[in-house]
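# Geometric and topological summary
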Amino acid sequence: MDENNIRVRFAPSPTGYLHVGGLRTALYNYLFAKHNNGKIVLRIEDTDRNRYVEGAVENLIDSLSWAGIKFDEGPVQGGNFGPYYQSERLTIYREHVNKLINDGKAYYCFCTPERLKNLREEQQRLKLPQAKYDKHCLHLSPQEINKNLETKKSHVVRLNVKPGEKVFVHDVVRGKVEFNTDNIDDQILLKSDGFPTYHLANVVDDHLMKISHVIRGEEWLSSTPKHILLYNYFNWNLPVFAHLPLLLNPDKSKLSKRQGDVAVEDYRAKGYLKEALINFVALLGWNAGDDKEFYEMDELIEKFTLERVNKAGAVFNIEKLNWLNGEHIRRKSVDELLPVLKNELSKSKFKGKQFSDNYLKLVLKSMQERITFIKDIITNSSYFFEPPSSYDEKTVKKRWKDDSEILLSKFLNEIEGLENPSKEDFEITLKSIVEKENVGLGRLIHPLRLALSGVGQGPGIFDLIFILGKEESVSRIKTALKTIPGISKSLKNN
RNA sequence: GGCGCGUUCGUCUAGUGGCUUAGGACGCCGCCCUCUCAAGGCGGAGAUCACGGGUUCGAAUCCCGUACGCGCUACCA
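## So, the pairing of strand β4 (residues 156–159)
In regular strands, side chains alternate between the two faces of the sheet. Of the two faces of β4, the one carrying V156 and R158 and the one carrying V157 and L159 are both buried. Note that strand β3 (residues 106–109) and β4 share four bridges and pair antiparallel. Bridge assignment links A106 to a residue of β4, and that residue is L159. Note: β4 against strand β7 (residues 188–190), two bridges, orientation antiparallel. Across the sheet, residue R158 finds its bridge partner in β7, namely I188.

And the structure:
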């Protein structure tokens, strides 16, 4: 096949938000298209008026573009195969359905919902192997049909499935799958409100939009024979099908809202980097065949093939996503991370405070390898943004010794005299004191960290004091000298 | 119920008949590094490859059956 004719699509229905499973489907389509120099189109499947949610399309597009999935054609960028909203293509479906009716491949059905309900119940009571429409309206006379049509009797159009035939689906990930038309219902193609069902709209649009590969979730595999029947009835060439394994909850059921976050926007709000989410979701059902776990989008594009997509569903394991998020943070430059931190800060209690870019970059550099989320910097090391309001008791107990007060006072004295000290100046000063006093480094370092940060862990002490600066450090040490000895004493008495 | 798909460490996975005492990653545990916490390095525990039959000199890999899980079974997508 000519590489340039490769066209795929992501066709979500606007029911609220972008599901992570949807993101994975969109990603695989995108990777496949880019890998093959093809095109990817975004098509909005808004044929169900009952499920329409205001703002859902904007939300979908927003999440997709945040994730870095760019479309060649779609509602935003347009294209030669539009419109890209199915709700704007009603006459197209109507024309195609009429063609099918004229050819005897589809037929009008005037059955009421009540009759259908009774039919189903009857079939169930008789324990029939499969419940399907009884083709009642297929046998209506032309006169009856015309009369019904003229009196505007509510109706749908159904696919006329010939029983006793075999339909084969050739799926890239699953191989050959066989179906018997005895098990295929006379699917409704056009609803009574004039809108098409998924099956009709999907096939017509995929053909008209020259889609070469249909890459979608496994939940569609069972209805693929219906689609193949439609392609055959229209005398159209089949696209290549690839059905992706499902994303699962920890209990192996289909990933759902009840058991955690499923919306891409939720992960975005929680502070996950798009690179991490993409990396993670790409590996859920695909791998390059080697041991590589860390991927950027361009490497994914380079390596991705449909042949290496797995068959079995994959549990969405948040632990690995978290690790990947930290991994991506570690590999980014502080310049890339700066806007993320600023954004988190603007949502935090420090939103009114001003910090220079230079200061924030130093903070980032010192914290980068200690965090899973950028916002961890704010929650785990608030001391970069405000002086400690308390001192961790455990650390006081463990690190504040009898000589801490004297050592720290001496250190304070020394640095007060320093002119514009560098990180090395602080280091030299501290080392000279412990040497003179003939104690271990930790004897001063730990109390100092406690005084500066209020906690027992964090970046290297010289990074910490340098980032905070002489003035701020002096002030914090003074406060600590006034309060920690008292705390230490009362802790010892308990 | 019917139809379809699936089943390798807790999880994501490598593996396409001999290279496999089934490899990697996350998580967990330990050691090293070290001013703390991380990161990093090293190591450990963890899978009778769902089960049962075959085919074969040889099977996680091929075939059959069973079990279990999941999907579909709407005028939803």
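On we go.
## Looking at the protein's contact with RNA strand B
Neighbouring RNA strand B are 60 residues; K191, N287, R370, H446 and G458 lie closest to it. When atoms of RNA strand B within 4 Å of the protein are sorted by moiety, sugar and phosphate together comprise 74%. The separation between a sugar or linking oxygen of RNA strand B and a polar main-chain atom of E319 is 3.5 Å. If you list the elements that add at least two residues to the surface near RNA strand B, you get β6 (175–180), β11 (314–315), α11 (318–331) and α18 (442–453). Of the residues assigned to the surface near RNA strand B, the class counts are 21 nonpolar, 17 polar and 22 charged.

## Examining the side chain of Q187
Along the chain, Q187 falls in the loop between β6 and β7. Setting aside anything within four residues of it in sequence, one finds Q187 in contact with V157, R158, L159, H199 and K226.

## Some remarks on the pairing of strand β1 (residues 7–10)
Side chains R7 and R9 of β1 all project onto a buried face; the interleaved residues V8 and F10 project onto the opposite face, where all are buried too. Bridge count between β1 and strand β2 (residues 39–42): four bridges; the pairing is parallel. Bridged to F10 within β2 is L42. With helix α1 (residues 20–35) bridging β1 and the parallel β2, this β-α-β connection has right-handed handedness.

## Quick notes on the pattern of salt bridges
With the rule as written, the count across this model stands at 34 salt bridges. For D206, the salt bridge is made with R9, and the minimal N-O distance between the two is 2.9 Å. With D206 in helix α6 (residues 198–208) and R9 in strand β1, this residue pair connects regions lying 197 residues apart in the sequence. Note that E344 is salt-bridged to K347, the shortest N-O span being 3.9 Å. We classify E344 as buried; its relative accessible area is 10%. Taken together, the shared-partner salt bridges connect R9, R43, E45, R89, D205 and D206 into one network.

## Brief notes about the environment of A11
You can see A11 is positioned in the loop between β1 and α1. Put simply, A11 and I487 are 476 residues apart on the chain and 63 Å apart in space, counted from C-alpha to C-alpha. Non-local contacts of A11, meaning those with residues more than four positions away in its chain, are made with R43 and E45.

## Things to note about the packing of α1 against helix α9 (residues 274–282)
One can describe the packing of α1 onto α9 by two numbers: an axis separation of 10 Å at closest approach and a directional angle of 80 degrees. With respect to α9, the axis of α1 lies roughly perpendicular. Counted together, V20, L23, R24, L27 and Y28 of α1 and L277, I278, V281 and A282 of α9 form the full contact between these two elements. Along the lines of polarity and charge, the residues of the contact of α1 with α9 split into eight nonpolar, no polar and one charged.

## Let's talk about the domain arrangement of chain A
Domain assignment breaks chain A into domain 1 (3–88 + 247–320), domain 2 (90–244), domain 3 (333–384) and domain 4 (393–493). Summarising the inter-unit geometry, the C-alpha centres of domain 2 and domain 4 are found 77 Å apart.

Conventions adopted
- Residues numbered from 1 in each chain as written.
- Chains lettered and ligands numbered in written order.
- Predicted model: local features only at pLDDT ≥ 70, side-chain atom pairs only at ≥ 80, totals over all residues.
- Heavy atoms only, no water.
- Buried < 20%, exposed > 50% of the residue type's maximum accessible area, 1.4 Å probe, protein only.
- Helix = DSSP H or I, 4+ residues; strand = E, 2+ residues; numbered from the N terminus.
- Pairing = 2+ DSSP bridges.
- Near = heavy atom within 4 Å.
- Polar contact = N/O pair within 3.5 Å; in protein donor to acceptor, adjacent residues only side chain to side chain.
- Nonpolar A, V, L, I, M, F, W, Y, C, P; charged D, E, K, R; others polar.
- Contact = heavy atoms within 4.5 Å.
- Right-handed = clockwise from strand over helix to strand, strands pointing away.
- Salt bridge = Lys/Arg side-chain N within 4 Å of Asp/Glu carboxyl O.
- Axes fitted to C-alpha atoms, helices over the stretch in contact; angles between N-to-C directions.
- Parallel < 35°, antiparallel > 145°, perpendicular 65-115°, else oblique.
- Domains from an automatic or database assignment.

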